[in-house]
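Listed here are the chains, written in short residue letters.
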Amino acid sequence: MSVRCQVTGRKPGYGNQVSHSNKRTRRRWLPNVQRRRYWLPSEGRYVRLRVSTKGMKTIERRGVEAVVAEMRARGERV
């Protein structure tokens, strides 16, 4: 499974690791993705989402119902 937030779409960033001698090697920065369970009152069930910490803030601000509706409009299965 990919390291991607289902709400915000955040994915790994790529770049170079630069050593003290200025030698460069490729590396990547992974987003802080957590598996969280949210209660959907309209459906009377829990949904499991892989969300970043920014995605969690978005859900707190806008509400889980609105976020899930937007995800479904994008064609994502929930």
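The structure reproduced in this document is the subject of the present report. Values in this document were obtained by computation on a predicted structure and should not be read as measured data.

1. Brief notes about the nonpolar core
Next, step 1: Ranked by size, the top nonpolar core spans 13 residues in total, and within it Val7, Tyr38, Leu49, Val51, Ile59 and Val64 carry the most contacts.
Next, step 2: Counting only elements with at least two residues in this core, the list comes to strand 3 (33-40), strand 4 (45-52), helix 1 (53-62) and helix 2 (64-73).
Next, step 3: With four residues, helix 2 is the single largest residue contributor to this core.
Next, step 4: Apart from residues lying up to four places away in sequence, Val51 is in contact with Cys5, Val7, Asn32, Val33, Gln34, Arg36, Tyr38, Met56 and Ile59.

2. Things to note about the environment of Met71
Next, step 1: Structurally, the position occupied by Met71 is in helix 2.
Next, step 2: Between the alpha carbons of Met71 and Thr8 there is a distance of 9.7 Å; along the sequence they are 63 residues apart.

3. Structural notes on a positive patch on the surface
Next, step 1: Taken together, the side chains of Arg10, Lys54, Lys57 and Arg61 present a region of like positive charge at the surface.
Next, step 2: Turning to its location among the elements, Lys57 is positioned in helix 1.

4. Quick notes on the pairing of strand 2 (residues 24-29)
Next, step 1: When strand 1 (residues 13-18) meets strand 2, the two strands line up antiparallel, connected through six bridges. Bridging across to strand 2, Gln17 finds its partner in Thr25.
Next, step 2: What sits between the antiparallel neighbours strand 1 and strand 2 is a turn of five residues, in which Asn22 has the positive phi angle 70°.

Definitions and limits used
Residues numbered from 1 in each chain as written. Predicted model: local features only at pLDDT ≥ 70, side-chain atom pairs only at ≥ 80, totals over all residues. Heavy atoms only, no water. Core = buried A, V, L, I, M, F, W, Y, C linked by side-chain atoms within 4.5 Å. Buried < 20%, exposed > 50% of the residue type's maximum accessible area, 1.4 Å probe, protein only. Helix = DSSP H or I, 4+ residues; strand = E, 2+ residues; numbered from the N terminus. Contact = heavy atoms within 4.5 Å. Patch = residues over 30% accessible without salt bridge, like charges linked within 9 Å, V, L, I, M, F, W, Y side chains within 5 Å. Areas by Shrake-Rupley, 256 points an atom, 1.4 Å probe, with all protein chains shown as cover. Salt bridge = Lys/Arg side-chain N within 4 Å of Asp/Glu carboxyl O. Lys, Arg positive; Asp, Glu negative; His and termini not counted. Charge placed at Lys NZ, Arg CZ, Asp CG, Glu CD. Pairing = 2+ DSSP bridges.

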